[in-house]
Amino acid sequence: QPFIKTLRFCLSTMTEGACASPGCTNVTTQRLACPKCIQLGITPTYFCSQGCFKTNYSNHKQVHSLAKQILAASNSASHRKTPPRDGVSCDPSASAEQRLKLPIWAQNYDFTGTLRPALYSPRRTVPSSIRKPDYANHISGVSDSEQRDRASNTTIRVYTSEELDGETGLRHACRMGREVLDIAGKALRPGVTTDEIDRIVHEATVERQCYPSPLNYYNFPKSVCTSINEVICHGIPDYREIQDGDIVNIDVTTYNAGGYHGDLNETFCVGKVDSEGKHLVQTAFQCLSAALERVKPGTLYRDLGTSIHKVASANKCSVVRTYCGHGIGSLFHTAPNVPHYHKNKAKGTMKVGHVFTVEPMINLGVPGDSTWGDNWTAVTTDGKRSAQFEHTVLVTENGYEILTGREGEPVMEWKPELITR
């Protein structure tokens, strides 16, 4: 909607011979063109005088912002992560046959495993009263603040007690994420669709006056990631029903009114999961637990991968190398990068006040991954299952604090009843 309104304003200024300033009736005899419009290669707008141009520039520059987004989208066709827009969704009221159709991109796709996508519901809306990250309404879902950070930041942010403990500080964002994940996890059972899990996550997030961080992040179409069986991460919720024996990862991130993200995920065993699947899920849990035991001031970020590798290898599993943990807080993704594999070259040493995620993705088979034609869903190359657990953690004087942990659980404890549905 903001883009449409701005575009209408832009078009309204194109009347030949009239000044582009709203309400100005002077004729543009001098043809004073906006230099920024010319620089951007869009149709120039003209003003009757330099004074009129300066007075109304704050409104006029909205046209430049819109033009930059449209040009960026058209120059690259779409961001590399943008899902196909045709033949991927339908209304929830459509017939079951329609909802369970393969998306157009999948109809001749060479899948690595047995899982198949279905169509998904239209994008859910967020009330205007909810604070939103900068990518929420971006035409390509780009986070300009993350782009600037990536280009110029050379340090890892240290969060202060005020930033952590404020009424809507970083701890609050993480606590909201924990609550939402617990609600979503309780809804899991055979026969429930991941689209329904997305609805539950979306509504629970909004009820807490938060924005679901995945929504429109580089055009991701949903409010949560749901990754089933051979899906490693970034699965898009759809109308497929969860089956008895599936393992399902739910990855929740909430962005609160203070402007902070809290990120966590868990893998659940739904129904009668076989022993191999249960072993994989427990191994993924133990990999994260082992990594967190290394978190303290002075630890090198690259050393976490060694701890994860040892646990995975001892359990005859492998570690995905493509995706890593990351700094988080006022930005969804920032420094440091936290690889999960052995002998990585991550930079940085942990200091008190650092906040980041650890989220090892553990495979039953080979560590390789590929991405479906939806440009998001990462799957194992051999079609074998993958599992993952994630926490947002804070480096403290004496070690670490799990900001997304369950209440009364300062360290990770393996309790299979908590992830069995």
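Everything that follows concerns the structure shown earlier in this document.
These remarks concern the structure in this document. (Residues numbered from 1 in each chain as written. Predicted model: local features only at pLDDT ≥ 70, side-chain atom pairs only at ≥ 80, totals over all residues. Heavy atoms only, no water.)

1. What about the overall build of the protein chain?
Along the backbone of the protein chain there are eleven helices and 17 strands. C-alpha atoms of the protein chain, sized along the principal axes, occupy 80 × 55 × 35 Å. Put simply, the protein chain has 421 residues, and 52% of those count as buried. The long-range share in the protein chain, meaning contacts at least 24 apart out of those at least 6 apart in sequence, stands at 70%. (Helix = DSSP H or I, 4+ residues; strand = E, 2+ residues; numbered from the N terminus. Buried < 20%, exposed > 50% of the residue type's maximum accessible area, 1.4 Å probe, protein only. Contact = heavy atoms within 4.5 Å.)

2. Structural notes on unusual backbone geometry
The step from Ala335 to Pro336 runs through a cis peptide bond, and the omega angle for that step is 5°. Relative to the assigned elements, Pro336 resides in strand E10 (residues 334–338). The phi dihedral of Tyr218 falls on the positive side, at around 50°, and the residue is not glycine. Locating Tyr218 in the fold gives a position in the loop between strand E3 (211–212) and strand E4 (225–228). Given the relative accessible area of 7%, Tyr218 is considered buried. Its identity as a non-glycine residue notwithstanding, Lys343 has a phi of 60°, on the positive side. Checked against the element boundaries, Lys343 lands in the loop between E10 and strand E11 (355–358). Owing to a relative accessible area of 69%, Lys343 belongs among the exposed residues under this scheme.

3. Re the pairing of strand E7 (residues 261–269)
Most of E7 is tucked away, with nine of its nine residues classed as buried. Judged by which residues are buried, E7 turns out to be covered on both faces: His261, Asp263, Asn265, Thr267 and Cys269 on one side and Gly262, Leu264, Glu266 and Phe268 on the other are all buried. The pairing of strand E6 (residues 247–255) with E7 spans nine bridges and is classified as antiparallel. From the neighbouring strand, Ile250 faces E7, where its bridge partner is Glu266. Count of turn residues in the E6/E7 antiparallel hairpin: five residues, of which Gly259 carries a positive phi of about 90°. (Pairing = 2+ DSSP bridges.)

4. Regarding the packing of helix H10 (residues 275–292) against helix H11 (residues 303–314)
The contact between H10 and H11 brings their axes to 8 Å, and the two run at 150°. Between H10 and H11, the angle falls in the class roughly antiparallel. As H10 runs across H11, the sense of the crossing is right-handed. For the pair H10 and H11, contact is made by Thr283, Gln286, Cys287, Ala290 and Ala291 and by Leu304, Ser307, Ile308, Val311 and Ala312, respectively. Its residues placed into classes, the contact of H10 with H11 shows seven nonpolar, three polar and no charged. (Axes fitted to C-alpha atoms, helices over the stretch in contact; angles between N-to-C directions. Parallel < 35°, antiparallel > 145°, perpendicular 65-115°, else oblique. Left-handed = near helix turned anticlockwise from the far one by under 90°. Nonpolar A, V, L, I, M, F, W, Y, C, P; charged D, E, K, R; others polar.)

5. As for the nonpolar core
Residues Ile250, Phe356 and Ile362 are the most contacted members of the largest nonpolar core, which totals 90 residues. Considering every element that reaches this core, the biggest residue donor is H10, with nine residues. Cys34, Phe47, Cys52 and Phe53 belong to the second largest nonpolar core, which has eight residues in total. (Core = buried A, V, L, I, M, F, W, Y, C linked by side-chain atoms within 4.5 Å.)

6. Comments concerning H11
Taking 1.5 Å per residue, twelve residues should reach 16 Å; H11 reaches 17 Å between its end C-alpha atoms and fits that length. Along H11, the residues classified as buried are Leu304, Gly305, Thr306, Ser307, Ile308, Val311 and Ala312. Positive phi appears at Lys316, one or two residues downstream of H11, with a value of about 60°. (Expected span 1.5 Å × (residues − 1).)

7. Considerations on the sheet that holds strand E13 (residues 369–371)
If you walk across this open sheet you meet the three strands as E5-E14-E13, and the pairing is antiparallel. The open sheet terminates on both sides in strands that have one partner only, identified here as strand E5 (231–233) and E13. Averaged over all pairs of adjacent strands, the angle between their axes in this sheet comes to 40°, without regard to strand direction. Pairing of E5 with strand E14 (residues 378–380) involves two bridges; the strand directions are antiparallel. Looking across to E14, one finds that Cys233 is bridged to Ala378.

8. Focus: the environment of Phe389
Among the structural elements, Phe389 can be located in the loop between strand E15 (386–388) and strand E16 (391–396). Residue classification places Phe389 among the buried residues on the basis of a relative accessible area of 3%. Along the primary structure Phe389 and Val273 are separated by 116 residues, whereas in three dimensions their C-alpha atoms are 17 Å apart. Those residues in contact with Phe389, other than ones at most four positions away along the chain, are Asn265, Glu266, Thr267, Val281, Ala284, Phe285, Leu288, Val358, Glu359, Pro360 and Ile419.

9. So, the packing of aromatic side chains
Using the criterion set out here, one finds 15 aromatic pairs in the structure. Seen from their ring centres, Trp105 and Trp372 are 5.8 Å apart, and the 45° between their planes marks the pair as tilted. Of this pair, Trp105 sits in the loop between helix H5 (96–99) and helix H6 (144–152) while Trp372 sits in the loop between E13 and E14; the two residues are 267 residues apart in sequence, bridging distant segments of the chain. Take Trp105 and Trp372: they sit in the same class, and that class is buried. One aromatic cluster is present, built from ring pairs that chain together Trp105, Tyr109, Phe111 and Trp372. Here the guanidinium or amino end of Arg99 rests over the ring plane of Tyr239, the centre of that ring lying 5.7 Å away. The side chain of Arg321 reaches across the aromatic face of Tyr341, ending 4.0 Å from its centre. (Phe/Tyr/Trp six-rings, centres within 6.5 Å; stacked < 30°, edge-to-face > 60°. Lys NZ or Arg CZ within 6 Å of the ring centre and 35° of its normal.)

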